[in-house]
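Residues per chain, in single letters:
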Amino acid sequence: MEWGSQSAAVRRLRVGVERRGSPAAPGQEGREASEQGPLLGSPRDWARKGGDGGRAAGSGLSEARAAVALLLYLLGLRLLVQLSLRQLVLPASSGPRPEFSALRARNYLEHITSIGPRTTGSLENEVLTVNYLLEQIKLIKAESSSIHKISVDVQRPTGSFSIDFLGGFTSYYDNITNVVVKLEPRNGAQHAVLSNCHFDSVANSPGASDDAVSCSVMLEILRVLSTSSEALQHAVIFLFNGAEENVLQASHGFITQHPWANLIRAFINLEAAGVGGKELVFQTGPENPWLVQAYVLAAKHPFASVVAQEVFQSGIIPSDTDFRIYRDFGSIPGIDLAFIENGYIYHTRYDTSDRILTDSIQRAGDNILAVLKYLATSDRLASSFEYRHGNMVFFDVLGLFVIAYPARVGSIINYMVVVAVALYLGKKFLKPKQKVANYTKDFFCGLGITLISWFTSLVTVLIIAVFISLIGQSLSWYNHFYVSVCLYGTAAVAKITLVHTLAKRFYYVHTSEHYLGEVFFDISLFVHCGSLLLLTSQGLCSAFISAIWVVFPLLTKLLINKEFKENGAKGRFILIYLLGMFIPYLYALYLIWAVFEMFTPILGRSGSEIPPDVVLASILALCTMILSSYFISFIYLAKNTKVTIFALASVCAVTLLLVCSGIFFPYSADPANPKPKRVFLQHLTRTFHGLDGNIVKRDSGIWINGFDYTGMSHITPHIPEINDTIRAPCEEAAPLCGFPWYLPVHFLIRKNWYLPAPEVSPGNPSRFRLISKEQTPSESVKLTFEVTGPSHMSFYVRTHEGSTLSRWSLGNGTPITSKGGDYFVFYSHGLQASPWQFWIDVQCTQLHSANTARGDRGPLLLGDYTVIRPILKRFFFWGSGHGAFRPAGSTAVASVAWRAAAVASRASALLSSGADSLVRNLACWLKGFRLDLLFCDVT
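The text that follows walks through the structure, step by step, so that each part is easy to find. A quick note: this is a predicted structure, and the numbers were derived from the prediction, not measured. (Residues numbered from 1 in each chain as written. Predicted model: local features only at pLDDT ≥ 70, side-chain atom pairs only at ≥ 80, totals over all residues. Heavy atoms only, no water.)

1. Things to note about helix α6 (residues 123-143)
Under the 1.5 Å per step criterion, the end-to-end length of α6 is 29 Å for 21 residues, consistent within 8% with the ideal 30 Å. The sharpest bend along α6 reaches about 25° and sits at threonine 129. Those residues of α6 that sit buried are Glu124, Asn125, Glu126, Thr129, Val130, Tyr132, Leu133, Gln136, Ile137 and Ile140. (Helix = DSSP H or I, 4+ residues; strand = E, 2+ residues; numbered from the N terminus. Expected span 1.5 Å × (residues − 1). Bend = angle between axes of the 7 residues up to and from the residue. Buried < 20%, exposed > 50% of the residue type's maximum accessible area, 1.4 Å probe, protein only.)

2. Digging into the sheet that holds strand β16 (residues 781-788)
Judged by pairing direction, the sheet is antiparallel, and its 4 strands sit side by side in the order β15-β16-β20-β18 without closing on themselves. The open sheet has two edge strands with one neighbour each: β15 (767-775) and β18 (803-808). Strand-to-strand twist in this sheet, taken as the mean axis angle between neighbours without regard to direction, amounts to 30°. The pairing of β15 with β16 spans 8 bridges and is classified as antiparallel. The partner of leucine 770 across the bridge, within β16, is phenylalanine 785. (Pairing = 2+ DSSP bridges. Axes fitted to C-alpha atoms, helices over the stretch in contact; angles between N-to-C directions.)

3. A short note on the state of the cysteines
Note on terminology: a disulfide is the covalent bond linking the sulfur atoms of two cysteines. Applying the stated criterion across every chain yields a total of 2 disulfides. The residue that forms a disulfide with cysteine 197 is cysteine 215, at a sulfur-sulfur distance of 2.3 Å. Its S-S torsion of approximately 110° makes the covalent link between cysteine 197 and cysteine 215 right-handed. One end of the pair, cysteine 197, is in strand β5 (residues 192-198); the other, cysteine 215, is in helix α7 (residues 208-227), with 18 residues separating them in the sequence. (Disulfide = S-S within 2.5 Å.)

4. Quick notes on the pattern of salt bridges
Scanning the model with the defined rule gives 22 salt bridges in all. With a shortest N-O distance of 2.6 Å, aspartate 164 and arginine 324 are connected by a salt bridge. Placement of the pair is aspartate 164 in the loop between β2 (159-163) and β3 (169-174) and arginine 324 in helix α11 (residues 322-330), with a sequence separation of 160 residues. Between glutamate 518 and lysine 557 there is a salt bridge, with the nearest N and O atoms lying 3.1 Å from each other. Of the two residues, glutamate 518 is situated in helix α16 (residues 513-537) and lysine 557 in helix α17 (residues 543-567); the sequence distance between them amounts to 39 residues. This pair shows no difference in class: glutamate 518 is buried, exactly as lysine 557 is. Linked through salt bridges whose partners overlap, the residues forming this network are Asp164, Asp320, Arg324, Arg327 and Asp328. (Salt bridge = Lys/Arg side-chain N within 4 Å of Asp/Glu carboxyl O.)

5. A short note on the packing of helix α5 (residues 102-114) against helix α12 (residues 358-376)
Packing of α5 against α12 brings their axes to within 9 Å, and their N-to-C directions diverge by 110°. The angle between α5 and α12 falls in the class roughly perpendicular. Taken together, the residues of α12 that come into contact with α5 (itself represented by Ala102, Leu103, Ala105, Arg106 and Leu109) are Thr358, Ile361 and Gln362. For the contact of α5 with α12, a count of residues per class yields 5 nonpolar, 2 polar and 1 charged. (Parallel < 35°, antiparallel > 145°, perpendicular 65-115°, else oblique. Contact = heavy atoms within 4.5 Å. Nonpolar A, V, L, I, M, F, W, Y, C, P; charged D, E, K, R; others polar.)

6. Examining the nonpolar core
Ranked by internal contacts, the top residues of the largest apolar core, which has 174 residues, are Phe238, Phe240, Tyr488 and Tyr577. Broken down by element, this core gets its largest block of residues, 14 residues, from helix α19 (residues 582-602). Two domains each put at least three residues into this core: domain 1 (76-81 + 408-661) and domain 2 (106-398). Apart from the residues lying within four places of it in its own chain, the contact partners of phenylalanine 240 are Leu133, Ile137, Asn178, Val179, Val181, Cys197, Phe199, Cys215, Met218 and Leu219. Judged by nonpolar contacts, the second largest core, of 43 residues, contains Leu166, Ile255, Tyr326 and Trp741. (Core = buried A, V, L, I, M, F, W, Y, C linked by side-chain atoms within 4.5 Å. Domains from an automatic or database assignment.)

7. A closer look at the sheet that holds β3
Overall, mixed pairing links the 4 strands, which are arranged β2-β3-β19-β17 in an open sheet. Two strands bound the open sheet, and with one partner strand each, they are β2 and β17 (792-797). The average undirected angle you get between the axes of adjacent strands in this sheet is 20°. Here β2 pairs with β3 via 5 bridges, running antiparallel.

8. Points about helix α10 (residues 306-313)
Counting buried residues in α10 gives 6 out of 8 residues, a clear majority hidden from the surface. Burial in α10 covers these residues: Val306, Val307, Ala308, Gln309, Glu310 and Phe312. Once α10 finishes, glycine 315 follows within two positions and takes phi at roughly 90°, a positive value.

9. Overview of the pairing of strand β20 (residues 836-844)
Of the strand pairs in this sheet, β16 and β20 are connected by 7 bridges, and their pairing is antiparallel. Paired with phenylalanine 785 across the two strands is phenylalanine 838, which belongs to β20. Inspection of the sheet shows β18 paired to β20 by 5 bridges, in the antiparallel sense. Looking at the pairing, leucine 805 lines up with valine 842 of β20.

10. A short note on the side chain of arginine 678
Examined against the element boundaries, arginine 678 turns out to sit in the loop between α22 (642-661) and β12 (679-689). Here arginine 678 is buried and forms no salt bridge, its nearest opposite-charge partner aspartate 708 lying at an N-O distance of 7.6 Å. A distance of 3.0 Å separates a polar atom in the side chain of arginine 678 from the backbone oxygen of tyrosine 344. (Lys, Arg positive; Asp, Glu negative; His and termini not counted. Polar contact = N/O pair within 3.5 Å; in protein donor to acceptor, adjacent residues only side chain to side chain.)

11. Things to note about unusual backbone geometry
For the bond from aspartate 210 to aspartate 211, the omega torsion is 10°, close enough to zero to count as cis. Within the element layout of this structure, aspartate 211 appears in helix α7. Unlike most non-glycine residues, valine 247 shows phi in positive territory, near 60°.

12. Description of the environment of leucine 88
Positionally, leucine 88 belongs in the loop between α4 (63-86) and α5. Looking at leucine 88, the relative accessible area reads 6%, which means it is buried. Excluding residues within four positions of it along the chain, leucine 88 makes contact with Gly277, Lys278, His301, Leu357, Asp359, Ser360 and Arg363.

13. Let's talk about the packing of α19 against helix α20 (residues 612-628)
The description of two packed helices rests on the angle between their axes and on the distance between the axes. With their axes 11 Å apart at the nearest point, α19 and α20 run at an angle of 175° to one another. The orientation of α19 with respect to α20, classified from their angle, is roughly antiparallel. The residues of α20 that touch α19, namely those facing Tyr585, Ala588, Leu589, Ile592, Val595, Phe596 and Thr600, are Leu616, Ile619, Leu620, Cys623, Ile626 and Leu627. Across the contact of α19 with α20, the residue classes tally to 12 nonpolar, 1 polar and no charged.

So this is what it looks like as structure tokens:
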């Protein structure tokens, strides 16, 4: 038994000694053990198992004890993370009441959202909301202290710019609205800090979190600061912008045209990617580490991460904020904050004020007020350009406090950690082979096995994800996130466990469990150290995560090494080991929560081209690799893992069968926790002209787009007309396939449907005409156009072969193409606007035949609501629980109604009642732009 507990390398060493007839001298074993050090020990130490000849410590770790301990450990850490996230406001110490009143801010919020959806160009946005803001600002001004001065300006800018967002396009705006308030000392100020929100919303949503709550918070902060007896050193400018949902137009109008913009030295942007919860600092800078320090010192309830910053700025998340405009067009550093919880109802009718907790408003107000006050009284604001150096590593610890330090300091710390690991492992690698039991070979073989286990686990979950996608059961976890864990998480863990179990049984035959536990711990340490070195060399501040995953395990290993050698993998060892891993695992789960909180809802609106199950399975596999890394050694310490593998495989298999049966319906209209499906409908008439001006094609229909990978699969069985036979064909000769894209997202949504319908009869039709054509000295052709129509229009340009679009009157004068090579221009205007005139300069290098065909169309038109209403009535309700469809006339859904919200030229009103109450949440711009059904409810 003692012989069997030693490694094969030890046996080979002993046989070699016996053959040479040179038995070890007395005391040699002790010297060898001493030379090898306390971290590894001699092979004989691993075989020496106490007084019973080796069975006391060599009996192995109990599988049941290890599995239960790890499960309870991870569940306990998850509970701690959940408690920290639910703690929105830290308990207040004895002292004065908070300056910021969440109740007063909520009152502002409810008044703004009661106006209804506030789209740019609508009466609700341009008049009703603006008047309410001005009325409240007037009341605040009347109550302000005499040591402050408040100035108010309503700006109506017109301008144009190009942006590389969504593949690149150009934006033009005319007569949009900004409400700007400047709070400054009575004698004025030369420098200012900006606070920005937007009061407009998408067409189908009251926009409580995006972004009415931020504007409400800013109103209350303005009241608190203006009534304070504490004098400000610098001005605070509050920008309530009215055209952010039009792709950041109002902020551009302010920062490039308003006279107060020259005073601004820093800004705070308030946004939302979800509804309520904690507001996350997810962008800072660029550079200017003093801004991070200001947040660290001032924020009362911090929630910030440089990881979020680097993920967001990588472009993985298809979104952008006004932060980009102030950074790129104003060269101003700032802080970007956003609510991230419950993104399922972002940009839907469910984004209502009652879903935002008062504590969420309180924490946001406390934080922003404190940071603004700090900046407005800081000496650094006036000379902020002097502090523009380097980046900052910053992260909060469970919302209690923020750790922040310069990135260059972080790099030094990281390289020191790498050196420490190199010394730890180098001491083992550099010993003579016969004294370390062929450690080097076992180490690199184990590294290969670990990498193979991770790779095969990834392949396994991807195979399952592809299979699920092919059978039409994508997003089965969208309304039941635990399904993804039971399906992909268990598969990944089972695969990793299986590979290592096979290696233990067939490769490491008769090798000491303790020796293998030591080796695989070192392998995990080496992998995380390699990750640390790679991230640091790439200049990523997120490398601090890898540093945490190296420092604490290494310290734990040094602490428990003696306990491990003397008593083996007993309960005391497990307890100390898990306590030592507490910080890296707790923080990892904290970050993993944020990842899934942000990405899971996004996968429900990421288009038809990205299989969401493949993305989610990959993320879960990566998380499994990280979380399992320091527990792989337990597989080798345990007596057996058969029960664990069987249990994991069984859970995965049962979940797979249930998913294939369709029992997990993706969507829900549970009022407490809705998970809606998003569908986009447009009623349009298309006209295609040849180069001679004659019409070559004309049709009308309802253009249908699903925002997620499932398309119309859940709708076709109950609306047979919407099926694959009416899949929208691409007009190859026309820009963007000849369809009216609101924004250039055609590369994300390639699956769409075109249902024939009567022609459009819009209330405010668009008119597009050529007003001049002239030859320029550079032998190009300058074409000038004039356009009138609704508040939102799109204009596409595709040049013929041999021609180029050299200049135009938009943006900075240089045309930029979107994905696919076409030129895309997005236009919007406020309540009133003059005709839009612009010119393009076409450089012709070849002559073209006069009969060359061209695909062309005017801006998007919208027809009567009555044309689409019959179809919308047939979007049936989906039953609760298993997600079965129920017919509209059944009593099972008699108490649930679909409603239509209309954003008309005058006001918002409910269009449907009685029999028409089968249609819900239809957002419709009757004044002539678009009709969209953003989701179909499920109850």
